[in-house]
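# Structural description and commentary
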Amino acid sequence: MGRSNLRVKGHCWALELPPGLRLAKGTRTSWQYVGGRRGHSASGASHSRPAAPCLLPWGCCFAQGLGGSPQARAAMSAVRLLLHRAAGRTPPGAQYCREVGGGSVQVLIPLERPGGPRGARGRATAIACGLLGALLFFVLGCVLGAMGRRGAPQGCSGPQTELLAAGGNEEGVVLSPPGEPPLYWADLRGLLQRELSPQRLNARVRRASEGPHPPGSAQAQALAQWVLAELGACGLDRAWTDSHYVGLPRPHRLHPNMLLRLDPWGGILEQLPLEDPEAYCPYSAPGNGTGRLVYAHYGRPEDLAALRTAGADLYGHLVLVRVGEISFAEKVANAEAVGARGVLIYPDPADIPQDPPNLGLPPDTAVYGHVHLGSGDPYSPGFPSFNQTQFPPLRSSGLPRIPAQPISAATAARLLRTLTGPEAPRGWWGRLPAVPYHLGLGDPGVRVRLDVHNVKVTTLISNVFGCLQGRLEPDHYVIVGAQRDSLGPGAARAGVGTAVLLELTQALAAMVRHGFQLRRSLLFVSWDAGDFGSVGSTEWLEGYFSVLHLKAVAYISLDNAVLGDDKFIARTSPLLVSLIESIIKQVDSPSRSSQSIYEQVTASGRHWDSEVIRPLPMESSAYAFTAFGGVPAVEFSFVEDARPYPFLSTRADTYARLEAALGGRLPAVAEAVAEVVGHLLIRLSHDRILPLDYSCYGDVLLQHLAPLGRHEAQLQARGLTLGWLYSARGDLARAGEQLRRDILGSDEGNERLTRGFNLRIMRVEFSFLSPYVAPTETPFRHVLYGRGPHTLPALVAALARLPPAGTPAAPMDRDGDSDRELRRRLALLTWTLQAAANALAGNLWDMGSGF
């Protein structure tokens, strides 16, 4: 094969390529100078003007005559990559290589600007260009020499994020339709930005939050049809609905819930106002609870422990707690665990601003929330509520057995003024005006009664789907979804998410039409019954669990996406953290246009992940995907750091209030969310190797295992050791490193190998689901982020309850932590972690066998 040469001609470089690269028939290697003061053709003739239009804003040259074979395209990819780096001053979107017909290719090499320096500076430019030419020669030689071997050599791969790969190659060359110019990552970013419209986003938020639209209502059905029509108009491969019959609690129309203050003999002193009959706690136990009232701060376990220390026994009494810190369901479950008879939940001004002239929550407004300690339909736990299903007599273990009711700050103030007894700790004081914060139990004559009459209604709910089908792995799905329903207008709760979902669908469908090719399929989903505990998403996940196993790549939730513009939060699985970091470095902050989101969150000198990354909460729809389905998931939010959005989960969550709270910047912040999620979807649906950090769980496990070291003495006294847990963790870390080496040494064109690598990566999260508990009894089986005695946090808590070493152990303590049970839980957890390491290793002969 002939040699490639770079020659100086005037003030330009001409790239000569050898005839051995399958030149198009009838053509020959040539160079040509384009731009500047004169042009040179292959014959050396001079022209008074450029021989061809200049595609860059300053001088350039091109080599013409290279055939369009796959090998030639790969060679040109390396040239483009080098030039993209070398010409950092080139405006975004400038083309370095393009087809010009007949299989010929132009290679464009930027030089100095017209009118540039001459003489000594010109010679310096020539020297610099010589060095560039030598590097170009080396890179091109590396690529051409490796054509017959496995993939591109590591030394020639260059930056991995500048270009997107054509069939997903990590070095970043995009596959475009024949005859179309290649798409760079900068091109795709620009294309996504051009397709996103703040005006459309704004109009869609308005439409999706025109008024209350609870599941099963006529308003909800009309909204579902609108979403389906919008998806259908985007030009997707398909759009459809998926329906379920579920049991949803609703307030009784004839018997509203009541709150009464009683005298010592049970007589009614007054009926306290519950201003909005539609503000209630779905899944509260029906019936009544009567007793003295105790103020319990947020109702966290540590708050209840502090009450016990202060001598305030909650058994047989009602508990008054504040909104915040933990979910409504956790507050009620904690109160029930200590024997309380009912729970009242109110918004304190210390947590939620309540000054209406300054966009605060009106004092007579209650905040609603469901109290099922779980997700999905609690009357079909672990399995789906499809049409015509004969429901067995089951109920979720997360359903409370005591009544609960949200009340307004005004009603709470009236109750708190009646309390006596010990003064609450200073940290428990709120900001209710003229209210002394006492714990209660001082006057046995102060009693209250809560009557809850909610009824279960069988309701038809509908999830709406749209799909863009992938080209190489169409059976692997990247899923993005948003809650659609709301007990109130739900502008922040559901309206923004629905609008962003539709905007992303339209933008990505347009990008596909413009040449962007998906490797994997994209699913766009509008969920129903989200206000009742992610019922729509969980029922679908339960119904298609066997189909989604090792096919769902990741889930992105758009719920609560815009609650401010001051701070960016990502509640996520660890597998997505590295990808999130790379993306927020490329998206502008909506509040500081001169900075990226990453630059904004690190401006104070703090590490980015401590500012951005949070664990997935149970009330997020993303939680069930990870803790139940074993799918990496994330939920993004922009929030206010100093003043939280006060209208979330209330009947006052309207478009007008959300727009006013953001100072008219709602469309800009929603567009920033769409851009972040759009980048994530592009990477997850396009990259040849899934960009999930499959080795991260080695470090995550170290953090979770660290507290166990404090109990080493108690374990050794019982003949137990943590050595096997640490061994499993080590096997997981080694399997991740081996997979990295396997990927780097693989043939990028081998689709069988690529699919195998991706399946191993997709298996990581799923492997942390314990196979030793039943989904119907313990649906959240993830051993790190699930709930139940099978989890690592539960084991840590059990070990913390062990008596000190040398103390005789009781056969069984009050929490069921017998030595035998601890042995069993430790063994099953160890085997689950070892199985995760084995799944990542892939081959039987690479798996750990130390047991």
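For clarity, every value in this text was computed on a predicted model and none was experimentally measured.

### Side note on the pairing of strand S21 (residues 567–572)
- Sheet analysis places S21 next to strand S23 (residues 633–639), joined by 6 bridges and oriented antiparallel. The residue of S23 that forms the bridge with Arg571 is Glu635.
- Bridge count for S21 against strand S22 (residues 613–614) is 2 bridges, and the pairing is parallel. Within S22, the position partnered with Arg571 by the bridge is Arg614.

### As for the pattern of salt bridges
- Counted by the stated rule, this structure contains 32 salt bridges.
- For Arg484, the salt bridge identified is with Asp528, shortest N-O distance 3.5 Å. Placement of Arg484 in the loop between strand S18 (473–483) and helix H9 (491–513) and of Asp528 in the loop between strand S19 (520–527) and helix H10 (535–543) is noted, with a sequence separation of 44 residues between them. Per residue, the accessibility class of Arg484 equals that of Asp528, and both read buried.
- Residues Asp731 and Arg734 are paired through a salt bridge, measuring 2.6 Å at the closest nitrogen-oxygen approach.

### Considerations on unusual backbone geometry
- You will see that His297, though not glycine, has its phi angle at about 60°, which is positive.
- Of the residues examined, His297 reaches a relative accessible area of 5% and is grouped as buried.
- Of note in this structure, Ser649 is not a glycine but carries a positive phi near 60°.
- Looking at the element boundaries, Ser649 is found in the loop between S23 and helix H16 (655–661).

### As for the sheet that holds strand S14 (residues 342–346)
- The 7 strands are arranged S11-S10-S16-S12-S13-S14-S15 in an open sheet whose pairing can be described as mixed. The outermost strands of the open sheet, each flanked by one partner alone, are strand S11 (268–272) and strand S15 (404–406). Adjacent strand axes in the sheet meet at a mean angle of 30°, parallel and antiparallel pairs treated alike.
- Strand direction decides the pairing type here: strand S12 (residues 287–295) and strand S16 (residues 447–452), joined by 6 bridges, are antiparallel. Within S16, the position partnered with Arg292 by the bridge is Arg447.

### Quick notes on the packing of aromatic side chains
- Counting across every chain of the model gives 19 aromatic pairs.
- When the centroid spacing of 6.5 Å and the interplanar angle of 80° are considered together, the rings of Tyr283 and Phe532 count as edge-to-face. Here Tyr283, found in the loop between S11 and S12, pairs with Phe532, found in the loop between S19 and H10; they are 249 residues apart in sequence, far enough to count as distant. Pair check on accessibility: Tyr283 and Phe532 agree, each one buried.
- The residue whose ring lies beneath Arg426 is Trp429, and the NZ or CZ to ring-centre distance is 4.2 Å.
- When the ring centre of Phe647 is taken as reference, the NZ or CZ atom of Arg657 above it lies at 5.4 Å.

Cut-offs and rules
- Residues numbered from 1 in each chain as written.
- Predicted model: local features only at pLDDT ≥ 70, side-chain atom pairs only at ≥ 80, totals over all residues.
- Heavy atoms only, no water.
- Pairing = 2+ DSSP bridges.
- Helix = DSSP H or I, 4+ residues; strand = E, 2+ residues; numbered from the N terminus.
- Salt bridge = Lys/Arg side-chain N within 4 Å of Asp/Glu carboxyl O.
- Buried < 20%, exposed > 50% of the residue type's maximum accessible area, 1.4 Å probe, protein only.
- Axes fitted to C-alpha atoms, helices over the stretch in contact; angles between N-to-C directions.
- Phe/Tyr/Trp six-rings, centres within 6.5 Å; stacked < 30°, edge-to-face > 60°.
- Lys NZ or Arg CZ within 6 Å of the ring centre and 35° of its normal.

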